[in-house]
Amino acid sequence: GDITILGKAGNTVYVGGIVATQNGYERTDLANYGKITIGANIKGGSCFVGGICYDGQYSKVWTRCHNHGDIEFTKEFTNTGNVRCGGIIGKFETDGHYGIFDECSNSGNISFLGHSDSYMRLGGMIGCHRAGAIVVVRNGFTNSGNITYAGDVAGADNVHIGGLIGCPSGTC
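Fair warning: this is a prediction, and the values are worked out from it, not measured in the lab.

## A word on the side chain of Asp-102
Secondary-structure assignment places Asp-102 in strand β13 (residues 98–106). No salt bridge is formed by the buried Asp-102, whose closest oppositely charged neighbour, Arg-138, lies at an N-O distance of 4.2 Å. Leave out the neighbours within four places in its chain, and Asp-102 touches Trp-62, Thr-63, Arg-64, Arg-138, Asn-139 and Gly-140.

Printed below as a string of structure tokens:
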């Protein structure tokens, strides 16, 4: 089903289409078809969203993981730490961790239609990939979904948008 967050949030919001966060070696045959809508005013926290999982740092192997659901941000993000959103994983950022991706895809659209004065990282597959984390692609790491940022670009500190990875500062 769909996930919708409304109202006000003053702390960090974590959302995953299948699971918010997890520990484990391998994730296999996961598919999300539900739409994720962040319609809450988030002030002072951060927002991490992934079509499959918001945080991918503790899984090593991702096989046949597919997101088909759209992800949409519709409200205001003020004094927010970061917004990190990816079709598969929102953030993949821990030093020394690696992820091996095999036949993974995103066909869901990612849309930011609100206002932000924070750091934005939007990626078709991974929102933010920090230095020290390693991404290895075996076969099929594809995004066919559209990414739309219709927010106030002048107000945002940094906006990073990528068809595969929004902010790639690690090793691919």
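## Considerations on the packing of aromatic side chains
For any two aromatic rings, the description comes down to two numbers: the centre-to-centre distance and the angle of the planes. For the structure shown, the criterion picks out 7 aromatic pairs. Between Trp-62 and Phe-101, the aromatic rings sit 6.1 Å apart at their centres with planes inclined by 10 degrees, giving stacked as the arrangement. Of this pair, Trp-62 sits in strand β8 (residues 61–67) while Phe-101 sits in strand β13, and the two are 39 residues apart along the sequence. Accessibility expressed as a relative area gives 0% for Phe-101, which makes it buried. Ring pairing ties together the aromatic residues Tyr-14, Phe-48 and Tyr-54, which thus form one cluster. Above the face of the Phe-48 ring, Lys-91 is positioned so that its terminal group lies 5.4 Å from the ring centre.

## Let's talk about the side chain of Ser-111
Tracing the chain through its elements places Ser-111 in strand β14 (residues 110–112). Ignoring sequence-local partners within four residues, the contact set of Ser-111 consists of Ile-71, Glu-72, Phe-73 and Thr-148.

## Concerning the sheet that holds strand β4 (residues 26–32)
The strand order across the open sheet formed by 4 strands is β4-β8-β13-β18, and the pairing between neighbours is parallel. Either end of the sheet is taken by a strand with one partner, and the two such strands are β4 and β18 (134–143). Each strand of the sheet is rotated relative to its neighbour by a mean of 10 degrees, with strand direction disregarded. For β4 and β8, the ladder comprises 6 bridges, and the chain directions are parallel. The partner of Ala-31 across the bridge, within β8, is His-66.

## Considerations on unusual backbone geometry
Residue Asp-29 is not a glycine yet carries a positive backbone phi of 55 degrees. With respect to the secondary-structure elements, Asp-29 resides in strand β4. Phi is positive for Arg-64, close to 50 degrees, though the residue is something other than glycine. You can see Arg-64 is positioned in strand β8.

About the thresholds
- Residues numbered from 1 in each chain as written.
- Predicted model: local features only at pLDDT ≥ 70, side-chain atom pairs only at ≥ 80, totals over all residues.
- Heavy atoms only, no water.
- Helix = DSSP H or I, 4+ residues; strand = E, 2+ residues; numbered from the N terminus.
- Buried < 20%, exposed > 50% of the residue type's maximum accessible area, 1.4 Å probe, protein only.
- Lys, Arg positive; Asp, Glu negative; His and termini not counted.
- Salt bridge = Lys/Arg side-chain N within 4 Å of Asp/Glu carboxyl O.
- Contact = heavy atoms within 4.5 Å.
- Phe/Tyr/Trp six-rings, centres within 6.5 Å; stacked < 30°, edge-to-face > 60°.
- Lys NZ or Arg CZ within 6 Å of the ring centre and 35° of its normal.
- Pairing = 2+ DSSP bridges.
- Axes fitted to C-alpha atoms, helices over the stretch in contact; angles between N-to-C directions.

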